[in-house]
Amino acid sequence: MDLYSVIGRRRDVRCEFTGGPADPSVLQRILEAAHAAPSVGLTQPWDFVLIDDPGLKERFAEHVAGERDRFAASLSPDRAQTFSHIKIEGIRESSLSVVVTYDPTRGAPAVLGRYTIADAGLYSTCLAIENLWLAATAEGWGVGWVSFYREPFLSGLVGLPPAVRPVAWLCVGPVTHLEEVPDLERAGWRARRPLAEAVHRNGWDRPSAD
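Heads up: these notes are all about the structure in this document. (Residues numbered from 1 in each chain as written. Predicted model: local features only at pLDDT ≥ 70, side-chain atom pairs only at ≥ 80, totals over all residues. Heavy atoms only, no water.)

1. Quick look at the overall build of the chain
- Of regular secondary structure, the chain possesses 7 helices and 4 strands.
- When the helices and strands of the chain are read in sequence order from the N terminus, they spell out α-α-β-α-α-β-α-β-α-β-α.
- Relative to its length of 210 residues, the chain is compact, with a C-alpha radius of gyration of 19 Å against a globular reference of 17 Å.
- Referenced to the eigenvectors of the C-alpha coordinate spread, the extents of the chain come out at roughly 55 × 40 × 40 Å.
- For the chain, with 210 residues in total, the buried portion stands at 40%.
- In the chain, 81% of the contacts between residues at least 6 apart in sequence involve partners at least 24 apart.
- Surface accessibility of the chain: about 12100 Å² in total, with carbon and sulfur atoms responsible for 55%.
- A gap of 4 Å separates the mean positions of the 22 positive and 27 negative side-chain charges of the chain. (Helix = DSSP H or I, 4+ residues; strand = E, 2+ residues; numbered from the N terminus. Rg over C-alpha atoms; globule rule 2.2 N^0.38 Å. Buried < 20%, exposed > 50% of the residue type's maximum accessible area, 1.4 Å probe, protein only. Contact = heavy atoms within 4.5 Å. Areas by Shrake-Rupley, 256 points an atom, 1.4 Å probe, with all protein chains shown as cover. Lys, Arg positive; Asp, Glu negative; His and termini not counted. Charge placed at Lys NZ, Arg CZ, Asp CG, Glu CD.)

2. Notes on the pairing of strand β2 (residues 96–102)
- When you tally the buried positions in β2, you get 7 out of 7 residues, the bulk of the element.
- Residues Leu96, Val98, Val100 and Tyr102 of β2 are buried on one face, and the alternating residues Ser97, Val99 and Thr101, pointing to the opposite face, are buried as well.
- Direction of pairing for strand β1 (residues 46–51) relative to β2: antiparallel, over a ladder of 6 bridges. Each bridged residue has a counterpart across the sheet, and for isoleucine 51 the counterpart in β2 is serine 97.
- Here β2 pairs with strand β4 (residues 165–174) via 7 bridges, running antiparallel. When the bridges of β4 are listed, valine 100 appears paired with alanine 168. (Pairing = 2+ DSSP bridges.)

3. A closer look at the sheet that holds β1
- One open sheet accounts for 4 strands, arranged β1-β2-β4-β3; its pairing is antiparallel. Because the sheet does not close on itself, it has two edges, and the strands there are β1 and β3 (141–146). On average, each strand axis in the sheet is tilted by 25° relative to the strand beside it, whichever way the strands run.
- The strands touched by helix α3 (residues 54–73) are β1, β2, β3 and β4; relative to β4, the strand with the most contacts, the crossing angle is about 115°. (Axes fitted to C-alpha atoms, helices over the stretch in contact; angles between N-to-C directions.)

4. Points about helix α2 (residues 24–35)
- Over its 12 residues, α2 extends 16 Å from the first C-alpha to the last, a length consistent with the 16 Å expected when each residue adds 1.5 Å.
- Of all the positions in α2, only Val26, Leu27, Ile30, Leu31 and Ala34 are classed as buried. In an axial view of α2, the angular spread of the buried residues amounts to 130°, which keeps them on one side of the axis.
- Close packing links the buried residues of α2 with β1, β2, α5 (120–138) and β3. (Expected span 1.5 Å × (residues − 1). Arc of directions from axis to C-beta.)

Printed below as a string of structure tokens:
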């Protein structure tokens, strides 16, 4: 697949994991792609914690289920009904999980490019996640980003140092297929926004010059 095809095929996967063995050579290529991401001040502030222990996955899945219930309780009845049919994770089903972390102390205090934008290192970590996601898609694997968790819980679960922040729990592995339409759109949660609505020229509401 060319780059644009990979971008178009990428999906947040929850239901399609096979649970089959994760080929070490494929995993290595995916991680190398993530590690090749651009980073502020060449700090490469990310780390990748590989999780294949069933006990750890189960503990995290139980925590996520509790957070899902709390979110559902905050919704209006109509929204809660729609949400009740949406699967939010594939923690148990995926071959492995990757916890991607951010270390703001790497290269500090003089991080070139982070002087005026403190979050530039966090942005760099998100670029590594995108690289990982696109590489996995190109390999025929799926990735699902789980965000229903409390950071202190995940930090304690995988034993992160105090300064290191967990940015993502990614479910990763071979899939049966990738859906043509994103899950949330198929479930009626939200429709995708047209590009034309997101493009502005020379300012937010400033009309283009004639």
